[in-house]
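# Summary of the model geometry
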Amino acid sequence: MARYAAFLRAINVGGHNVKMEHLRSLFEEMGFSDVKTFIASGNVIFNSNGEDVTALEHKIEKSLKEALGYSVAVFIRSIDELKEIAECRPLMDKRADVETEGSSIYIGFLKDDPGESVKKKLIALQTENEEFRFSGKELYWLCRVKFSESLFSGPLLEKTLGMQITVRNLTTVKKMVSKFS
């Protein structure tokens, strides 16, 4: 059995409130085992015999839409992939910036690599306070201001990238790795 992390978009935002106990039970009803949720923002850890991540994402999206009545984009990573993501290698040269008060790193989970032209489009929007790097299906976002003061948001990132994204703070990702790996 493989261990996965699912990052769900549109959970407990915009009036779409889902109790974590209910979310856990929905995953169990889908046939997944050792299901755990982590904070109330749509982070689910589970075991599955399935190895086709795209098929797992589709299965979960379909089941959640039926159960919740609205679409929920699902972004799955293996626990090993999550460990790599938590190391934040694309921003290793920016560690001093991250330690500055008010700065944070966010990880944007995508379904696919957005391609070079799209990456360049987002990077062209960088400011002195916001820097973007890509690695595979992840967007690494160094935000040198409070998130509430950022010029960027999930919807703006989605519009610029032309695809759905869900964003988590690097601290959350690291805590998930330490707790569930």
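Our subject is the structure listed above.
Structure report, in brief. (Residues numbered from 1 in each chain as written. Predicted model: local features only at pLDDT ≥ 70, side-chain atom pairs only at ≥ 80, totals over all residues. Heavy atoms only, no water.)

## Comments concerning the sheet that holds strand 3 (residues 43–48)
Taken in spatial order, the four strands line up as 2-3-1-4 in an open sheet, and their pairing is antiparallel. Since the sheet does not close on itself, it has two edges, and those belong to strand 2 (33–37) and strand 4 (74–78), each with one partner. Going across the sheet, the axis of each strand differs from the next one's by a mean of 20°, ignoring polarity. In this structure, strand 1 (residues 2–8) lies alongside strand 3, joined through six bridges in antiparallel fashion. Of the residues in strand 3, the one forming a bridge with Y4 is F46. Against the sheet, helix 3 (residues 79–87) engages strand 1, strand 3 and strand 4, with an angle of about 90° to strand 4. Helix 7 (residues 170–180) rests against strand 1, strand 2 and strand 3 of the sheet, and its axis sits at about 35° to strand 3. (Pairing = 2+ DSSP bridges. Helix = DSSP H or I, 4+ residues; strand = E, 2+ residues; numbered from the N terminus. Axes fitted to C-alpha atoms, helices over the stretch in contact; angles between N-to-C directions. Contact = heavy atoms within 4.5 Å.)

## Some details on the packing of aromatic side chains
Counted by the stated rule, this structure contains 12 aromatic pairs. With a centroid separation of 4.1 Å and an interplanar angle of 10°, the aromatic rings of F7 and F109 are classed as stacked. Of this pair, F7 sits in strand 1 while F109 sits in strand 5 (residues 104–109), and the two are 102 residues apart along the sequence. F109 sits in the buried class, given a relative accessible area of 0%. Relative to F147, the ring of W141 has its centre 5.6 Å away and its plane inclined at 50°; by these criteria the two rings are tilted. Assessed through its relative accessible area of 41%, F147 is described here as partly exposed. Here the aromatic cluster, defined as three or more aromatic residues joined through ring pairs, consists of Y106, F132, W141, F147 and F152. Over the aromatic face of F32 sits the side chain of K59, whose NZ or CZ is 4.9 Å from the ring centroid. (Phe/Tyr/Trp six-rings, centres within 6.5 Å; stacked < 30°, edge-to-face > 60°. Buried < 20%, exposed > 50% of the residue type's maximum accessible area, 1.4 Å probe, protein only. Lys NZ or Arg CZ within 6 Å of the ring centre and 35° of its normal.)

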